[in-house]
Amino acid sequence: MADLELSDLHGSLTDRALNSMNFLNEVSHHYPEAISLAAGRPTEEFFALEDLHRYLDLFAQYLRDQGYDEAAVRRTIFQYGRTKGIIQDLVARNLAIDEDIHVDPEAIVVTVGCQEAMVLTLRALRAGHEDVLLAISPTYVGITGAARLVDLPVVPVGEGDDLATVLKSVRAEGRRPRACYVMPDFANPSGLSMDLSARRRLLELAAGENLLLLEDNPYGLFPAEGHERIPTLKSLDMSRRVIYLGSFAKTGLPGARVGYVVADQTVGAGVLADELSKLKSMLTVNTSPVAQAVVGGKLLANDCSLVAANRRERAVYAANLQAITDGLATRFPNGEITWTVPAGGFFVVVTVPFPVDDTLLEKSAHEYGVLWTPMSHFYDGDTPINALRLSCSAVTLPQIDAALNRLAAFITDQLVLSDGT
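Rules behind the numbers
- Residues numbered from 1 in each chain as written.
- Predicted model: local features only at pLDDT ≥ 70, side-chain atom pairs only at ≥ 80, totals over all residues.
- Heavy atoms only, no water.
- Patch = residues over 30% accessible without salt bridge, like charges linked within 9 Å, V, L, I, M, F, W, Y side chains within 5 Å.
- Areas by Shrake-Rupley, 256 points an atom, 1.4 Å probe, with all protein chains shown as cover.
- Salt bridge = Lys/Arg side-chain N within 4 Å of Asp/Glu carboxyl O.
- Buried < 20%, exposed > 50% of the residue type's maximum accessible area, 1.4 Å probe, protein only.
- Helix = DSSP H or I, 4+ residues; strand = E, 2+ residues; numbered from the N terminus.
- Contact = heavy atoms within 4.5 Å.
- Pairing = 2+ DSSP bridges.
- Axes fitted to C-alpha atoms, helices over the stretch in contact; angles between N-to-C directions.
- Polar contact = N/O pair within 3.5 Å; in protein donor to acceptor, adjacent residues only side chain to side chain.
- Domains from an automatic or database assignment.
- Buried area = accessible area lost by both parts, 1.4 Å probe.

Draft legend 1. Seen up close, a nonpolar patch on the surface. On the surface, Leu4, Leu6, Leu9 and Leu13 cluster together into a nonpolar patch covering about 390 Å² of accessible area. Classification of Leu4 by relative accessible area gives exposed; the value is 67%.

Draft legend 2. Here's a closer look at helix H6 (residues 141-149). Within H6, eight of the nine residues are buried, which leaves the element mostly enclosed by the surrounding structure. Taken residue by residue, H6 has Val141, Gly142, Ile143, Thr144, Gly145, Ala146, Ala147 and Arg148 as its buried positions. For H6, the secondary structure elements touched by its buried residues are helix H1 (16-30), helix H5 (113-125), strand S3 (131-137), strand S4 (154-158) and strand S5 (176-182). Looking one or two places after H6, you find Asp151, whose phi comes out positive at around 60°.

Draft legend 3. The sheet that holds strand S15 (residues 387-391), seen in detail. Judged by pairing direction, the sheet is antiparallel, and its four strands sit side by side in the order S11-S12-S15-S14 without closing on themselves. Both edges of this open sheet fall to strand S11 (338-339) and strand S14 (373-374), since each of them pairs with a single strand only. Pairing of strand S12 (residues 347-351) with S15, which is carried by five bridges, proceeds in the antiparallel orientation. Within the sheet, the bridge partner assigned to Val350 lies in S15 and is Leu388. Sheet strands touched by helix H13 (residues 311-331): S11, S12 and S15. Its angle to S12, the strand with the most contacts, is close to 15°.

Draft legend 4. Looking closely at the pairing of strand S2 (residues 108-112). S2 sits mainly inside the fold: four of its five residues count as buried. Here S2 pairs with strand S8 (residues 258-262) via five bridges, running antiparallel. Bridge pairing in S8 places Val109 opposite Val261.

Draft legend 5. Broad picture of the side chain of Ser235. The residue Ser235 is located in helix H9 (residues 233-236) in this model. What makes Ser235 buried here is its relative accessible area of 15%. Within polar-contact distance, the side chain of Ser235 engages the backbone oxygen of Thr232 at 2.8 Å. Setting aside residues up to four positions removed in sequence, Ser235 forms contacts with Glu99, Asp100 and Ile101.

Draft legend 6. Seen up close, the domain arrangement of the protein. The domains assigned to the protein are domain 1 (10-39 + 310-420) and domain 2 (50-308). Here the C-alpha centre of domain 2 lies 27 Å away from the C-alpha centre of domain 1. Between domain 1 and domain 2, the contact holds 28 residues from the first and 31 residues from the second. Both sides of the domain 1 and domain 2 interface together cover about 2,500 Å² of buried area, and 60% of this is carbon and sulfur. When the buried area of domain 1 at its contact with domain 2 is split by residue, Asn310, Arg314 and Phe378 rank highest and sum to 25% of it. Residues Asp15 and Arg148 are paired through a salt bridge, measuring 2.5 Å at the closest nitrogen-oxygen approach.

Structure, rendered in structure tokens:
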């Protein structure tokens, strides 16, 4: 029997980032009766199996309208497909309608979720051992994990850090910043957004510093009631500094596992998307045409506008977000516990006067019946973080009320224990 030592395998396997997702999933499975304010998954309220058949039929008719005969329609959906994808035209139309992003469909690679888009992009950018990725901290653990897989160090940029200063410091150490990862709209995990002037300044800095920006935008369609959407970095980008990472998990259906990357930067006579498709051909070969057909059909059903397709979902998330922030205010009126009040998205960050870790999460799940996410999962290093993230997306209003009661009991008891020590 072959026995392997973990130390002889790739170093990412022992990295905290790669263990975060599995740990959080396992906790939810171990405590199925606990109400989860941890999951960032979309609401299931409007899922309907009959929609899948309708979307497939719509996409098949779309192919016919493009001049495909019946054999070509079947082949497009059933067979291996083009590595770049089969719905780039529809994705490009969606980006133009919803985001005012105008790109050639050939600059789009349809991926197996946004996670593959991240891996492909970072694999292409990581050319040598001196290369690093900058990321606004706290940052989505998926980009950290993707960077670990391709041996690309991540340099965190704290919310109070000056990006230009960080760039200067990194370069002085002989390292080469390839890109900076940002989530300008209702970021995961912080829930915070960049205002328009900050976006313009970031683009100017990127141009002056010869830096690429990786813009991840899974939550941008979900502003809270009374808040307007702000233009994406990519729509403001006049010098192709932004590589745009997209996903249909929150706005389409997560089970399809369809994402995409817009990479219109020139490389020789082509664009970066051409190079990413080479990498994809050796990773997943192509994104499931069946899944793409379902997503394409949903786009067609809504005239390629996901803003229109998600009106009900937006209302649910806005109401849930309001319920969480109002509920926290009712339960913690004295100011000892604080929280963010985002202008949209899924997440609220609660700051407490004690360190929050995985052990406390398990205690909360086991003894109090409520799940959340320790903010420590979104930072590099082992520094204790006195904060936790709540998600509003996959729960009902009654569940939020019950979960906040349980959370309040947990925090109150923990405060007593902390004062006692």
